[in-house]
Structures are given as structure tokens and as C-alpha cells.
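Structure assessment
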Amino acid sequence: SNHIHKRSVEDQFQKVKDQLQKVEDKQLPLMYDWSEIGAVTAVHDQKNCGACWAFSTIGVVESMNFIKNKTMQELSVQQAIDCAGNSNHGCKGGSSCRLAAWLAKNKTKIQPATTYPLTFETGVCKLKNETTVGAQVKNYTCQNETTVGVQVKNYKCQNLINKEEDIISLLANHGPVTVIVNAKSWQHYSNGVIQFNCTSSVHSLNHAVQIVGTLQKFLFI
């Protein structure tokens, strides 16, 4: 049974990779979605905790871990909320790029969500000593992030506003990605396709989300 399940995941994974290759050949597939093969965990409700920066970034780490190991493990967002330094402030706000930098610089092992569960509030970091288990970020690239007030090292932040094809290319080459968006007008979104023009200023970006797929130029979050 386990062998059949593993084969099924590998077959589905290869099917999506074949579709994604069309992006490299400038042939956009009609539709693909990393969540279809289990590369994305369930959508979280962050409640009143302003830690979208942690939810979206840890979500991408989960996806990268799945793409590499073909096994999905839900990782601890709460660990990032409680422990991430580098000018991140838990439920009061933070930065996806600064979190990625902190994870890589400190070689932080991200714990399973079952080990360090969500509380939806900023608490005292429970991992004072270095642990040898968990997922570790080694390399990363940040897009759609301003560098104001952020010490950037080993990656560059780019403005991809109105550059959906570049985002689709990132999906093809790397998998799900974290982006920063202007969500002011759709913070009460419930379902359907969001279609409207936003201001192109990076200063209006206020919410971090994970992009997991595309329907031509429409993006799935």
C-alpha cells in the first residue's frame, strides 16, 4: 500500500513537472496547481495574529521540503512567530525576506507543527538550545520586497509588480513562492476570482501570501 501511494505521488509529481517545463519553452500550460499533488498544506486561518509573513514563508519551506523528499510535513509557524529575530515582531508584523534571512543565517531547524503548535499569539521562544531535527533553509530568493531597513545578504529583492510571467517562471523552476501583495480591498475575500487594478507602489504592499499555481495568467493563492 505504501509503495502504491509513493508511486502515485511520483507519477503526479512528474506530470506537473512536465506541465511546468512548458513554461520554460514559453508554452504556458492551461492550468497547474502544486496543491494537486500534495505539495501544499491546508490553508491556515491566522485569526488576529498579524504573522502572514511567517505563515506564507513557512508554507513555502513545507513545499520545498515536499518537492525534495516527496513527503509532506507541516512545520511550525509558531516557532517563527516566537523565535525569529531580525526585526520581526511576531503577531505584530514582520517580513518574509527577513524571516528567510534569519532562518538561513542561524541555520535554524524548523520544528514540526505538532512539536511546536500554533497559539496565534507571540510567546517566548521555546527552543533555547540548538536542535538537530527539523527542516533547514539553506538557499532562498526573495521577490516583491522592499530593501528599506533590511540588511540583504546572499539574495536580492525584486519588484515583480505587473510581471506575472516572471512569477509563473518562478513557479516552474522552484515551486510555490511567497509574494507580498496589496490586500486592502480584498481582506474580506471568501471565494471566486479577484480582478481589479492595484496601485503599483511597493509602499502599498501589506500582506504576504503563498502562490501555489496558475490558470494561464491567473494565480492561485
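Residues numbered from 1 in each chain as written. Predicted model: local features only at pLDDT ≥ 70, side-chain atom pairs only at ≥ 80, totals over all residues. Heavy atoms only, no water.

A look at the sheet that holds strand β7 (residues 218-220)
If you trace the three strands from one edge of the open sheet to the other, you get β1-β6-β7, paired in antiparallel fashion. Strands with a single pairing partner mark the edges of an open sheet, and in this sheet they are β1 (32-33) and β7. Those strands touched by helix α5 (residues 164-174) are β1, β6 (213-215) and β7, and its axis lies near 40° from that of β7. (Pairing = 2+ DSSP bridges. Helix = DSSP H or I, 4+ residues; strand = E, 2+ residues; numbered from the N terminus. Contact = heavy atoms within 4.5 Å. Axes fitted to C-alpha atoms, helices over the stretch in contact; angles between N-to-C directions.)

A short note on the packing of aromatic side chains
Across all of its chains, the model carries zero aromatic pairs by this definition. One Lys or Arg, Lys-47, reaches over the ring of Phe-120 and ends 5.3 Å from the middle of that ring. (Phe/Tyr/Trp six-rings, centres within 6.5 Å; stacked < 30°, edge-to-face > 60°. Lys NZ or Arg CZ within 6 Å of the ring centre and 35° of its normal.)

Focus on the confidence of the model for the chain
Chain-level statistics for the chain give a pLDDT mean of 75 and a share of 67% at 70 or above. Confidence, expressed as mean pLDDT per element, reaches its minimum in the chain at helix α1 (residues 2-24) with 57 and its maximum at helix α3 (residues 77-83) with 94. This model gives residues 143-156 a pLDDT under 50, and the stretch forms 30 contacts once residues within four places in sequence are excluded. (pLDDT = per-residue confidence, 0-100.)

So, unusual backbone geometry
Here Lys-47, not a glycine, exhibits a phi torsion of approximately 55°, which is positive. Position of Lys-47 among the secondary structure elements: in the loop between β1 and α2 (52-69). We classify Lys-47 as exposed; its relative accessible area is 51%. Positive phi, normally seen in glycine, also occurs at Ser-87, with a value near 65°. (Buried < 20%, exposed > 50% of the residue type's maximum accessible area, 1.4 Å probe, protein only.)

Things to note about the side chain of Thr-57
Within the secondary structure, Thr-57 sits in helix α2. Accessibility expressed as a relative area gives 8% for Thr-57, which makes it buried. A distance of 3.2 Å separates a polar atom in the side chain of Thr-57 from a polar atom in the side chain of Ser-96. Not counting residues up to four positions away in its chain, the partners in contact with Thr-57 are Ser-96, Leu-99 and Thr-178. (Polar contact = N/O pair within 3.5 Å; in protein donor to acceptor, adjacent residues only side chain to side chain.)

Focus: the state of the cysteines
For the structure shown, the criterion picks out two disulfides. The residue that forms a disulfide with Cys-83 is Cys-125, at a sulfur-sulfur distance of 2.0 Å. Measuring the twist about the S-S bond at about 90°, one finds the Cys-83-Cys-125 disulfide to be right-handed. With Cys-83 in helix α3 and Cys-125 in the loop between β2 (109-110) and β3 (135-136), this residue pair connects regions lying 42 residues apart in the sequence. Bonded cysteines in the chain are paired 1-3, 2-4 when counted in the order they occur along the chain. Its sulfur unpaired, Cys-52 is 9.2 Å from the next cysteine sulfur, which belongs to Cys-49. (Disulfide = S-S within 2.5 Å.)

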